[in-house]
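Analysis of the macromolecular model
Take a look at the letters that make up each chain.
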Amino acid sequence: MPLLEGLGPIWQALLAGCFTWGLTALGAATVFFTRGVDRRGLDLMLGFAAGVMIAASYWSLLAPAIELSAGLPVPVWLPPVAGFLAGGLAMWGAEALLPYLHLDAVDDTGGGGRGMRRGSLMLILAVTIHNIPEGLAVGVGFGALAAAHPSATFAGAVGLAIGIGLQNFPEGMAVSMPLRREGVSRLRSFWYGQLSGVVEPVAAVVGAAAVIVAAPVLPYALAFAAGAMIFVVAEEVIPGAQGSPRLATLGVLAGFAVMMVLDVALG
């Protein structure tokens, strides 16, 4: 961690993006070891990731956006509200382009017909689209450190990356497991599962570079990332964890508390 803290924000964003991509690959790799998914464990993990992402969306993204907006020649509330709504609407628009499939697609038991193959392709595309704003959020979190604003903390950026990475683990499974049930080889199922996360390091670098080069857009970029994150949590992560709602709720509380400790106590 001290080594990562000593790097520049672009390198930090790249390594954090590789970390979240790695957890996608780790989730996809479960296809080598199991034929199914522990539903209760998955719900707990999704709930924990949701809690981390909700907390990080405020402390690591919205709070710095609000404070940075105080120095702009517009009402202080305008950049965070505009960015937040733009991020959520951008995700909504991306979802509208695809037949939406939730994470509980890992429980499907359909056959290997042509329809199922098209469904798996749509799932790969949907997960990949989700990973773009998640990578941007990681990059913006580290890029904000270059502004040296007190609300933009290294611990907050790391916590945000951890939350996104935890959420990516079941996403990797959600892609590789259905492919395997269709008769696709384990290696190819893993390959397509991890491939859905390869956009995150690229998006992280783009996000970090954008806020460094164009500092005035930083409040909007931070809030945009927060809006996209909250959309993903509300639309996919929490609904996907409702097989065991009490476990998922405990996971949300635990994840929120962990992120609060990371950002407030350590930051």
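These numbers come from a predicted model, not from an experiment. (Residues numbered from 1 in each chain as written. Predicted model: local features only at pLDDT ≥ 70, side-chain atom pairs only at ≥ 80, totals over all residues. Heavy atoms only, no water.)

**With respect to the packing of helix α4 (residues 78-96) against helix α9 (residues 218-237)**
Rules: Note on geometry: axes are lines fitted to C-alpha atoms, helical ones only across the stretch in contact, with angles between N-to-C directions running from 0 to 180 degrees. Strands are runs of DSSP state E lasting at least two residues, helices are runs of H or I lasting at least four, and both sets are numbered from the N terminus onward. Each angle receives one of four descriptions, namely roughly parallel if under 35 degrees, roughly antiparallel if over 145, roughly perpendicular if within 65 to 115, and oblique otherwise. By the definition used in this description, the sense in which the near helix is turned from the far one sets the handedness, with an anticlockwise turn below a right angle giving left-handed and a clockwise turn giving right-handed. Note on contacts: a residue pair qualifies if any of its non-hydrogen atoms lie within 4.5 Å across the two residues. Any residue that is not Ala, Val, Leu, Ile, Met, Phe, Trp, Tyr, Cys, Pro, Asp, Glu, Lys or Arg is counted as polar, Gly included; the first ten are nonpolar and the last four charged.
Two elements in contact, α4 and α9, have axes whose closest approach is 6 Å; the angle formed by their N-to-C orientations is 45°. As summarised for this structure, α4 and α9 are arranged oblique, according to the angle between their axes. Remark: the crossing between α4 and α9 carries right-handed chirality. Each of Pro-79, Pro-80, Ala-82, Gly-83, Phe-84, Ala-86, Gly-87, Gly-88, Ala-90, Met-91, Trp-92 and Glu-95 in α4 lies in contact with α9, whose residues at this interface are Pro-219, Tyr-220, Ala-223, Phe-224, Ala-226, Gly-227, Ala-228, Ile-230, Phe-231 and Val-232. Classifying every residue of the contact of α4 with α9 gives 17 nonpolar, 4 polar and 1 charged.

**Comments concerning the packing of helix α2 (residues 9-28) against helix α6 (residues 154-181)**
Across the interface, α2 lies against α6 with an axial gap of 6 Å and an inter-helix angle of 30°. Considering their axes alone, α2 and α6 lie roughly parallel with respect to each other. For the element pair α2 and α6, the recorded crossing hand is right-handed. Contacts between α2 and α6 involve Gln-12, Ala-16, Phe-19, Thr-20, Leu-23, Thr-24, Leu-26, Gly-27 and Ala-28 on the former and, on the latter, Phe-154, Ala-161, Ile-162, Ile-164, Gly-165, Leu-166, Asn-168, Phe-169, Gly-172, Met-173 and Ser-176. Counted by class, the contact of α2 with α6 contains 12 nonpolar, 8 polar and no charged residues.

**Details of the side chain of Thr-20**
Relative to the helices and strands, Thr-20 resides in helix α2. The residues contacting Thr-20, other than those within four sequence positions of it, are Val-138, Ala-161, Ile-164, Gly-165, Asn-168 and Glu-200.

**A word on the UniProt feature "transmembrane region" (unreviewed entry) in the protein**
Which entries qualify depends on this criterion: UniProt positions are given in the numbering used here, feature names are shortened, and annotations may be inferred rather than shown by experiment.
In this numbering, the UniProt entry assigns the feature "transmembrane region" (unreviewed entry) to residues 12-34, 41-61, 81-101, 121-145, 151-169, 190-211, 217-235 and 247-266. End C-alpha to end C-alpha, residues 12-34 measures 34 Å, and it is 74% helix and 0% strand. Annotated as residues 190-211, this span is 86% helix and 0% strand, and its ends, taken at the C-alpha atoms, are 34 Å apart.

**Observations concerning a nonpolar patch on the surface**
To be explicit about the condition: Candidates for patches are residues over 30% relative accessible area with no salt bridge; among them, like charges are joined within 9 Å and nonpolar side chains (Val, Leu, Ile, Met, Phe, Trp, Tyr) within 5 Å. Residue exposure ignores everything except the shown protein chains as possible cover, and the areas themselves are Shrake-Rupley values with a 1.4 Å probe. Put simply, a salt bridge is a Lys or Arg side-chain nitrogen that is within 4 Å of an Asp or Glu carboxyl oxygen.
Among the surface-exposed residues, Tyr-58, Ile-66, Val-76, Trp-77, Leu-78, Val-81, Leu-85, Leu-89, Trp-92, Val-217 and Tyr-220 lie close enough to one another that they form a single nonpolar patch of about 1100 Å² accessible area. Secondary structure elements with two or more residues in the nonpolar patch: α3 (39-69) and α4. For the nonpolar patch, the leading source of residues is α4, giving 5 residues. Relative to the helices and strands, Leu-89 is located in helix α4.

**Structural notes on α6**
As a reminder, the rule being used: An expected span of 1.5 Å times one less than the residue number is assigned to each helix. When accessible area is computed with a 1.4 Å probe and restricted to protein chains, residues below 20% of their type maximum are described as buried, those above 50% as exposed, and intermediate ones as partly exposed.
Between its first and last C-alpha, α6 extends 41 Å over 28 residues, near the 40 Å set by a 1.5 Å rise per residue. Across the 28 residues of α6, 24 count as buried, placing the element largely inside the fold. Backbone geometry just downstream of α6 places Gly-183 in the positive-phi region, at approximately 105°.

**A few points about the nonpolar core**
Put simply, the rule is: The term nonpolar core refers to a set of buried residues drawn from Ala, Val, Leu, Ile, Met, Phe, Trp, Tyr and Cys, joined through side-chain atoms within 4.5 Å.
Counting 47 residues, the largest nonpolar core has Leu-61, Val-138, Phe-142, Leu-160, Leu-222 and Met-229 as its most contacted members. Put simply, the parts of the chain that give this core at least two residues each are α2, α3, α5 (114-143), α6, α8 (199-213), α9 and α10 (245-265). Not counting chain neighbours up to four residues away, the residues in contact with Met-229 comprise Met-53, Ser-57, Leu-61, Glu-134, Ala-137, Leu-160 and Ile-164. Formed by 5 residues, the second largest nonpolar core is a distinct cluster that contains Ile-124, Val-127, Val-175 and Leu-179.

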